[in-house]
Amino acid sequence: MIHIPKAEYTRRRKALMAQMEPNSIAILPAAAVAIRNRDVEHVYRQDSDFQYLSGFPEPEAVIVLMPGRQHGEYVLFCRERNAERELWDGLRAGTEGAIRDFGADDAFPITDIDDILPGLIEGRDRVYSAMGSNAEFDRHVMEWINVIRSKAHLGAQPPNEFVALDHLLHDMRLYKSAAEVKVMREAARISCAAHVRAMQASRAGLHEFSLEAELDYEFRKGGAKMPAYGSIVAAGRNSCILHYQQNDALLKDGDLVLIDAGCEIDCYASDITRTWPVNGKFSPEQKAIYEIVLASQEAAFKQIAPNKHWNQAHEATVQVITAGLVKLGLLQGDVDELIASEAYRAFYMHRAGHWLGMDVHDVGEYKVGGEWRVLEVGMALTVEPGIYISPDNQNVAKKWRGIGVRIEDDVIVTKQGCEILTGGVPKTVAEIEALMAAAR
Ligand code: GLY
Ligand code: MN
Ligand code: MN
């Protein structure tokens, strides 16, 4: 399996600490276990920031970073080993494992955090944390500070500045290292195989969930623990519902099916959409719409390179889609005016992409100082234009209604332009029809 190497986590902590103000401390909690229903937990997924800095996969843990601290800059609070609990729930690293296997300089039982952490915070001027995203943890931080305040008469010095950690950390996460790109390529490769398998299995009379099962099979077989987000398998008119999740309708002859799905490897997402005819052959209307979306995506790829700004790819898709809709008679008027009035939004109502990384909609600012961010080597993003003709749209001829097409790929910005990570799934009409014909 391809993983982020241990040395990379060390490098990330050092890089973050190098950017923190002098005499400060950063505190980050692990994700909580979420209850699904009585006695059943949701599959555990570590918090992305926590994972990014530690690679530590367990709940009930807190990372503490103290740049310049002589007795160790990285302290991890975690669950202790416990034979009884481990018999039921699985192995724990324990404090020894935190040091031995996860590079902590020091580790303490999470049950001791209220006694120990105020002492680590005391005397530091600034506290970095993800303020506002976890109300319960924010409250704990304040309790620890209040413990110090209550001892002020004894000379204890509480911190006087609270700083949001997000800005530093999320900017780091935006630039993918060589090791991250490797893991993302692997996630993309497995997701490509999953889409190919679903295309090959596609038949009228199956249900959307049958194709979801094909995706899940390839994800799991490839070593992915889970999809990066709820898979969208949307046939017929469901393809016009952007975040469709029901996945239980029948696949009908003559309909398209839109699948938006990607797996996660070592907490790195892939995010692919393909749209194909259930029966393996595009109708003339489906093909006409599909070709516009594909051309708009090609135009967007050309706008992804260092020194291009974030919105250029989106603008390229809007241009091609609007011109294409006018050509088909689905929009009437001057292309530039239709763009200025955003008339295309009746058919294309989302943006052309988002940052991609540990979160499928990854962290990182899209604007800096009010201007669209300029792309740089190592940034990862999706390119996912679409056209969705509502089944209820009375302004267009009936033959167009209910057609929804999205094509989505994942790219990394390179020196020359961009690398497409998800090129392993057929995309042209001819390629898709050939692959599906061969599977019949
Ligand atoms: N799967 C969600 C998205 O494409 O943004
Ligand atoms: Mn997607
Ligand atoms: Mn996406």
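- Under an unreviewed UniProt entry, the name given to the chain is Xaa-Pro aminopeptidase, and the organism recorded is Pseudomonas synxantha.
- If you open the UniProt record of the chain and go to Cofactor (unreviewed entry), you find "Mn(2+)".
- In UniProt, the chain has this text filed under Catalytic activity (unreviewed entry): "Release of any N-terminal amino acid, including proline, that is linked to proline, even from a dipeptide or tripeptide."

### Considerations on the coordination of the manganese ion (ligand 2)
Logical step 1: For the manganese ion (ligand 2), the protein coordination sphere consists of Asp260 (OD), Asp260 (OD), Asp271 (OD) and Glu408 (OE), at 2.0 to 2.4 Å.
Logical step 2: Written as a sequence motif, the donor residues of the manganese ion (ligand 2) are D-x10-D-x136-E.
Logical step 3: Taken as a pair, the manganese ion (ligand 2) and the manganese ion (ligand 3) lie 3.2 Å from each other and share Asp271 as a ligand. Remark: Asp271 occurs in the loop between strand S13 (268-269) and strand S14 (272-277) and Asp260 occurs in strand S11 (residues 256-261); sequence separation between them is 11 residues.

### Some words on the packing of aromatic side chains
Logical step 1: Under the criterion given, the structure shown has eight aromatic pairs.
Logical step 2: When the centroid spacing of 4.9 Å and the interplanar angle of 85° are considered together, the rings of Phe56 and Phe102 count as edge-to-face. Here Phe56 is found in the loop between helix H2 (48-54) and strand S4 (62-65), whereas its partner Phe102 is found in helix H4 (residues 94-102), with 46 residues between them in sequence.
Logical step 3: When the ring of Trp355 is compared with that of Tyr366, the centres are 5.2 Å apart and the planes differ by 10°; the resulting orientation is stacked. A residue pair is termed long-range when its members are at least 10 positions apart, and Trp355 in the loop between helix H12 (335-340) and strand S15 (367-368) and Tyr366 in the loop between H12 and S15 qualify at 11 residues.
Logical step 4: On the accessibility criterion, Tyr366 (25% relative accessible area) is partly exposed.
Logical step 5: Aromatic rings pair up to connect Trp310, Trp355 and Tyr366 into one cluster.
Logical step 6: Sitting over the ring of Tyr52, Arg12 keeps its end group 4.1 Å from the ring centre.
Logical step 7: Sitting over the ring of Trp372, Lys367 keeps its end group 4.6 Å from the ring centre.

### Brief notes about helix H8 (residues 178-201)
Logical step 1: Its 24 residues place the ends of H8 35 Å apart at the C-alpha level, agreeing with the 34 Å of an ideal helix rising 1.5 Å per residue.
Logical step 2: Counting buried positions over the 24 residues of H8 gives 17, a clear majority of the element.

### Section: the nonpolar core
Logical step 1: Ranked by size, the top nonpolar core spans 94 residues in total, and within it Leu16, Leu211, Val257, Ile259, Trp276, Ile387 and Ile389 carry the most contacts.
Logical step 2: Excluding residues that lie within four positions of it along the chain, Ile259 makes contacts with His195, Ala198, Leu211, Leu215, Ile232, Val233, Ile272, Thr273, Arg274 and Trp276.
Logical step 3: Residues Val64, Val75, Trp144 and Ala156 belong to the second largest nonpolar core, which totals 19 residues.

### Thoughts on the UniProt feature "domain: Aminopeptidase P N-terminal" (unreviewed entry) in the chain
Logical step 1: Following the UniProt record, one finds the feature "domain: Aminopeptidase P N-terminal" (unreviewed entry) at residues 4-138.
Logical step 2: For the annotated span residues 4-138, helix accounts for 37% and strand for 21% of the residues, and the straight-line distance between the end C-alpha atoms is 30 Å.

### Focus: the site of ligand 1
Logical step 1: Looking at ligand 1, the residues that line it are Tyr229, Asp260, Asp271, His354, His361, Glu384 and Glu408.
Logical step 2: Interatomic distance of 2.6 Å between a side-chain N/O atom of His361 and an oxygen atom of ligand 1.
Logical step 3: Within the side chain of Glu384, an N or O atom sits 3.1 Å from an oxygen atom of ligand 1.
Logical step 4: About the coverage of ligand 1: the protein hides 91% of its 200 Å² of free accessible area.
Logical step 5: Each residue belonging to the shell around ligand 1 can be placed in one class, and the counts come to one nonpolar, two polar and four charged.

### Observations regarding the pairing of strand S8 (residues 161-164)
Logical step 1: Bridge analysis of strand S7 (residues 126-129) against S8 gives four bridges, and the strand direction is parallel. Bridge pairing in S8 links Arg126 to Glu161.
Logical step 2: For the crossover that starts at S7, traverses helix H6 (residues 135-149) and ends in the parallel S8, the hand is right-handed.

### Focus: the sheet that holds strand S9 (residues 226-227)
Logical step 1: Spatially, S9-S12-S13 is the arrangement adopted by the three strands of the open sheet, whose pairing is antiparallel. The open sheet is flanked by S9 and S13, the only strands paired with a single partner.
Logical step 2: The pairing of S9 with strand S12 (residues 263-265) spans two bridges and is classified as antiparallel. Each bridged residue has a counterpart across the sheet, and for Met226 the counterpart in S12 is Glu264.

### Focus on the coordination of the manganese ion (ligand 3)
Ideal geometry at a metal centre gives angles of 109.5 degrees when four donors are arranged tetrahedrally and 90 or 180 degrees when six donors are arranged octahedrally.
Logical step 1: Surrounding the manganese ion (ligand 3) are the protein donor atoms Asp271 (OD), His354 (NE2), Glu384 (OE) and Glu408 (OE), which sit 2.0 to 2.2 Å from the metal.
Logical step 2: Around the manganese ion (ligand 3), the six donor atoms sit at angles spanning 51 to 154°, and that spread fits a shape best called irregular.
Logical step 3: In the primary sequence, the donor residues of the manganese ion (ligand 3) line up as D-x82-H-x29-E-x23-E.
Logical step 4: With a relative accessible area of 3%, Asp271 lands in the buried category.
Logical step 5: For Glu384, a relative accessible area of 9% translates into the label buried.

Analysis parameters
- Residues numbered from 1 in each chain as written.
- Chains lettered and ligands numbered in written order.
- Predicted model: local features only at pLDDT ≥ 70, side-chain atom pairs only at ≥ 80, totals over all residues.
- Heavy atoms only, no water.
- UniProt positions renumbered as here; feature names shortened; annotations may be inferred.
- Donors = N, O, S within 2.8 Å, 3.2 Å for Na, K, Ca; no water.
- Helix = DSSP H or I, 4+ residues; strand = E, 2+ residues; numbered from the N terminus.
- Phe/Tyr/Trp six-rings, centres within 6.5 Å; stacked < 30°, edge-to-face > 60°.
- Buried < 20%, exposed > 50% of the residue type's maximum accessible area, 1.4 Å probe, protein only.
- Lys NZ or Arg CZ within 6 Å of the ring centre and 35° of its normal.
- Expected span 1.5 Å × (residues − 1).
- Core = buried A, V, L, I, M, F, W, Y, C linked by side-chain atoms within 4.5 Å.
- Contact = heavy atoms within 4.5 Å.
- Near = heavy atom within 4 Å.
- Polar contact = N/O pair within 3.5 Å; in protein donor to acceptor, adjacent residues only side chain to side chain.
- Areas by Shrake-Rupley, 256 points an atom, 1.4 Å probe, with all protein chains shown as cover.
- Nonpolar A, V, L, I, M, F, W, Y, C, P; charged D, E, K, R; others polar.
- Pairing = 2+ DSSP bridges.
- Right-handed = clockwise from strand over helix to strand, strands pointing away.
- Tetrahedral: all angles 85-135°; square planar, octahedral: opposite > 155°, others 65-115°.

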